[in-house]
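Letter by letter, the chains look like this.
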Amino acid sequence: MKKLLLLSLIGLNACQEPVCEKGIDQTTGLAIRVLDRQYFAYDQKQGEDLTRNGLMISSRDQYENVFSQCCGNRLENIDFTQYDLLGLTTVNRGSNSHYIRDVKRDDTNKKITYTVSEAYCTRSSPVEGHSNFVVVPKIPAGYQVDYVRNQ
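Residues numbered from 1 in each chain as written. Predicted model: local features only at pLDDT ≥ 70, side-chain atom pairs only at ≥ 80, totals over all residues. Heavy atoms only, no water.

Novice: In this structure, what is going on with the packing of aromatic side chains? I would like to understand it.
Specialist: We describe a pair of aromatic rings using the distance from one ring centre to the other and the angle between the two ring planes. The tally for this structure, following the rule as stated, stands at 4 aromatic pairs. Considering the side-chain rings of Tyr 63 and Phe 67, the 5.5 Å spacing of their centres and the 80° angle between planes classify their relative orientation as edge-to-face. Just as Tyr 63 is buried, Phe 67 falls in that class too. Ring-pair connections join several aromatic residues into one group, and the members of that group are Tyr 63, Phe 67, Phe 80 and Phe 133. (Phe/Tyr/Trp six-rings, centres within 6.5 Å; stacked < 30°, edge-to-face > 60°. Buried < 20%, exposed > 50% of the residue type's maximum accessible area, 1.4 Å probe, protein only.)

Novice: I keep staring at the pattern of salt bridges and nothing clicks. Help me out?
Specialist: Side chains bearing opposite charge may pair, as long as their charged atoms lie close to each other. Applying the stated criterion across every chain, the model contains 6 salt bridges. Linking Lys 138 and Asp 84 is a salt bridge whose minimum nitrogen-to-oxygen distance equals 2.8 Å. A residue pair is termed long-range when its members are at least 10 positions apart, and Lys 138 in the loop between strand E11 (134-137) and strand E12 (144-150) and Asp 84 in strand E6 (residues 83-87) qualify at 54 residues. According to the relative accessible area criterion, Lys 138 is partly exposed, its value standing at 31%. Classification of Asp 84 as buried rests on a relative accessible area of 1%. Measuring nitrogen to oxygen at the nearest pair gives 3.6 Å for the salt bridge that ties Asp 146 to Lys 111. Of the two residues, Asp 146 is situated in strand E12 and Lys 111 in strand E9 (residues 111-119); the sequence distance between them amounts to 35 residues. A relative accessible area of 22% means that Asp 146 is categorised as partly exposed. (Salt bridge = Lys/Arg side-chain N within 4 Å of Asp/Glu carboxyl O. Helix = DSSP H or I, 4+ residues; strand = E, 2+ residues; numbered from the N terminus.)

Novice: Is there a simple way to think about the pairing of E9 in this case?
Specialist: As a general feature of sheets, a regular strand has side chains that alternate between the two faces. Of the strand pairs in this sheet, strand E8 (residues 98-106) and E9 are connected by 9 bridges, and their pairing is antiparallel. Residue pairing in the sheet places His 98 in a bridge with Ala 119 of E9. Here E8 folds back onto E9 in antiparallel fashion, the turn holding 4 residues, of which Lys 110 has a positive phi close to 50°. In the sheet, E9 pairs with E12 via 7 bridges, with the strands oriented parallel. (Pairing = 2+ DSSP bridges.)

Right under this line is the structure:
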């Protein structure tokens, strides 16, 4: 009887979810830094998330126009002669999520690939969105930007 009780207790404990702590957001590849989460690109007139399919911002005018409604009076200073800004919306799909934002350059195919990956402990109902804006070195003319979402 004691063995049965002990096995039952072990079985109950084995079914509990492991404790999982939130990981640290990371940038890899060409990504220099991530803009604060306050930056989101939403066109209220069209009711559209501008980063849904990926967005590249390569001039100060475009930068100010895109962020005029969310943070126009608090924009960070970005030198668009040296840098571009890439964004790709993700929706948080797990508990204790963290993000890995990776930018790769393929000179042979003249392509930049921006990949946003979400790592989490357990899957959950989708909640808040992230625009995932990263500052990258200036993208050469003629290069295509591909956006990849791993969730």
